[in-house]
Amino acid sequence: MTRIWGIVRGWMTRRWWLGVSVALGMVCTLPSLNVGLVLDDYWHYATFVDVPGLAKSKLIAPKDAFDLFAFCDGDEERMQTLKNEGVLPWWTNVGLKAAFWRPVTSLTHWVDYRHWPEWPVLMHVHSVLWYGAMVFAVGMLYRSVLGMTWVAGLAMLLYAVDDAHGMPVGFLANRNSLLATFFGTMSVVCHIKWRGSGWRIGAILAPVLFGVALLSAEAGVGALAYYIAYALILDGAGWRRGLAKLWPYVVVLVAWRIAWQLLGYGISTGTGFYVDPIREPWGFLEAVLTRGPILLFGHWLGGSDVSIMLDVRGLAIFWGVAVVLSVVIFSVMIGVIRQRATARFWLVGMFMALIPICSAVANDRMLVFVGIGGMGLIAEFAAWAGKHRPYLFGFKRKALVVVCGGLLFVHVALAPAALAWRSANAVGPKAMMAAIQVSIPDESQVDQQELVVVNTPLVLPIGCLSVERALAGKPVPQRVRLLGPSAADLTLTRTNRRTLRVRPKGGYLTAPFDRLFRGTHAPFLLGALVNLDGVEVEISELTEDGRPAVATFRFAEPLDAESYQWVVWRGGMYVPFEVPGVGQTVQVPCALPSF
């Protein structure tokens, strides 16, 4: 075994090992080629291509082919149209804004949808190539800091097969993370060559590449973490001079943010999904403290996404476990952190990259920049542990073996298979997502009916139902009406021929993805009315914290009219729902995902 490990370590020092790591990462993500279009991809498609059987696709798709990430742009008339059509849920604030400036990424989608619109597999090949480029850039950074060592080679391998990358590479609309990380990391490499070996061209290239990273996605700000970490830890001129040389990046960042704001991009204040660090500093600080440990858990073991589905008590337990886990790991790593400056560089970079991603709900897909420092730190820890284990005894030795062995087992033995699975199921189990967006029990007259969805595992896919069905050659309902929130037990009471009262357990707006559409900045008032074409929604009761507890739906026609088709989620698909009689109450169990 020792001999085999010696051979592998020798391979890791070779120049071609970077190519092996890139190739291995790309191979692990090949299952994404069969994903097709999901969620936002449908609306990006509709921006470029007329969708057969869906004449109104242009009305509800993003306005500009090179501005694909400004779908919710705060235009109240457009938001009302999206609500009327059922693309957005009824509780959506008409002033909702979640608009991002990503022209570089939009350009790559323009290439896809203009040149091979009928071949999603080629779009995914495009993303896999960007993934390979991202891994290559990160590998160059490891070699810039650690040299041609086996530790750098191990870090490359860990990053290449990190399963947290499954969603960015498998979900076309999340390609922006790959581009931002590629350009941002290449910028850091240029910065290090400039500061470390006097490569003057790097002083120009690095800020330019940083700007391109920001124009690819807001995630590009993560590169700043590694400029700062290098200045503080590794800059040969000292940390004061190192920090002073960062002014070009500050200028680029400030100019980008000002332009971002002036051009009308931004997010709604108080939304439960995003927090703007500039407009909501205290809310952002709270997000860092609550989401940060959960994201670290996702880096160590994966699965920060689970937090999205937890109630308040479950989230508190998850947070506590995440804090304890990180404290234990860092306690065991303290030796290598004290002894190696490069380990401190990875640690500082990892923590600083963690801060900006706390502006969104915790999800492993956000960890692309955090993982750069995180995998570098794990690789250095593994090397240090192998060297120092013989000199430790008792509890310290056992702790070292458990922590180091556990991290390597997760990130070497399990990660490749997990990356392949997550690439193939980028936004959730593929069968479940397809069922949410396509399965309608009776298709004979659905193109002349409004589809009334009583409950659903996830709200987001409902908005893509019409485009997905049209592209699949299936009849499209006139409109889609969603009554309940994501995954909740419902109590339905029919008060008269046209009226239905819906009481979700715990009220509306409990799930983070539901709060994407309406946050604390726009609370409902008791008795407030939401007027949609053919239905009026009244907020009949509020929870103690001001969320809708009961919504009363008054339809234009009797609930059992043929113009409606009622469906309920059961057994992993939508099945017919029998509307209760006047005065009757029925219970609808939680529409939990069926795997």
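Source: prediction; values computed, not measured.

## Description of the nonpolar core
Thinking step 1. With 197 residues, the main nonpolar core has W90, Y142, M333, F381, F553 and W566 as its most contacted residues.
Thinking step 2. Among the elements that take part in this core, helix α7 (residues 120-146) stands out by supplying 12 residues, more than any other.

## What about the pairing of strand β7 (residues 499-504)?
Thinking step 1. In this sheet, β7 lies alongside strand β6 (residues 490-496) in antiparallel orientation, the contact comprising 6 bridges. Bridge assignment links R494 to a residue of β7, and that residue is L500.
Thinking step 2. Hairpin remark: β6 followed by β7, antiparallel, with 2 residues in the connecting loop.
Thinking step 3. Alignment of β7 against strand β10 (residues 548-555), held across 4 bridges, turns out to be antiparallel. Each bridged residue has a counterpart across the sheet, and for V502 the counterpart in β10 is A551.

## A short note on the packing of α7 against helix α8 (residues 150-160)
Thinking step 1. Across the interface, α7 lies against α8 with an axial gap of 9 Å and an inter-helix angle of 155°. By the angle between their axes, α7 is roughly antiparallel relative to α8. Crossing of α7 over α8 shows right-handed handedness. Residues Y131, M134, V135, V138, G139, Y142, R143 and L146 of α7 pack against V151, A152, A155, M156, Y159 and A160 of α8.
Thinking step 2. For the contact of α7 with α8, the per-class residue count stands at 12 nonpolar, 1 polar and 1 charged.

## Focus on the packing of helix α10 (residues 175-197) against helix α12 (residues 223-234)
Thinking step 1. Axis separation between α10 and α12 bottoms out at 9 Å; the angle between their running directions is 20°. One way to sum up the angle between α10 and α12 is to call them roughly parallel. Note on packing geometry: the crossing formed by α10 with α12 is right-handed. Where α10 approaches α12, its residues G184, S187, V188, H191, I192, R195 and G196 are matched on the opposing element by A223, Y226, Y227 and Y230.
Thinking step 2. Looking at the contact of α10 with α12 residue by residue, the classes come out as 6 nonpolar, 4 polar and 1 charged.

## Regarding the environment of N455
Thinking step 1. Relative to the assigned elements, N455 resides in the loop between β4 (450-453) and α21 (465-471).
Thinking step 2. Taking relative accessible area as the criterion, N455 reaches 1% and is therefore assigned buried.
Thinking step 3. N455 sits 114 residues away from W569 along the chain, and the two C-alpha atoms are 6.0 Å apart.
Thinking step 4. In contact with N455, not counting residues within four places along its chain, are L490, V568, W569, Y574, V588, P589 and A591.
Thinking step 5. Side-chain polar atoms of N455 contact the backbone nitrogen of W569, separated by 2.8 Å.
Thinking step 6. In terms of polar contacts, N455 uses its side chain to reach the backbone carbonyl oxygen of P589, at 3.3 Å.

Cut-offs applied
- Residues numbered from 1 in each chain as written.
- Predicted model: local features only at pLDDT ≥ 70, side-chain atom pairs only at ≥ 80, totals over all residues.
- Heavy atoms only, no water.
- Core = buried A, V, L, I, M, F, W, Y, C linked by side-chain atoms within 4.5 Å.
- Buried < 20%, exposed > 50% of the residue type's maximum accessible area, 1.4 Å probe, protein only.
- Helix = DSSP H or I, 4+ residues; strand = E, 2+ residues; numbered from the N terminus.
- Pairing = 2+ DSSP bridges.
- Axes fitted to C-alpha atoms, helices over the stretch in contact; angles between N-to-C directions.
- Parallel < 35°, antiparallel > 145°, perpendicular 65-115°, else oblique.
- Left-handed = near helix turned anticlockwise from the far one by under 90°.
- Contact = heavy atoms within 4.5 Å.
- Nonpolar A, V, L, I, M, F, W, Y, C, P; charged D, E, K, R; others polar.
- Polar contact = N/O pair within 3.5 Å; in protein donor to acceptor, adjacent residues only side chain to side chain.

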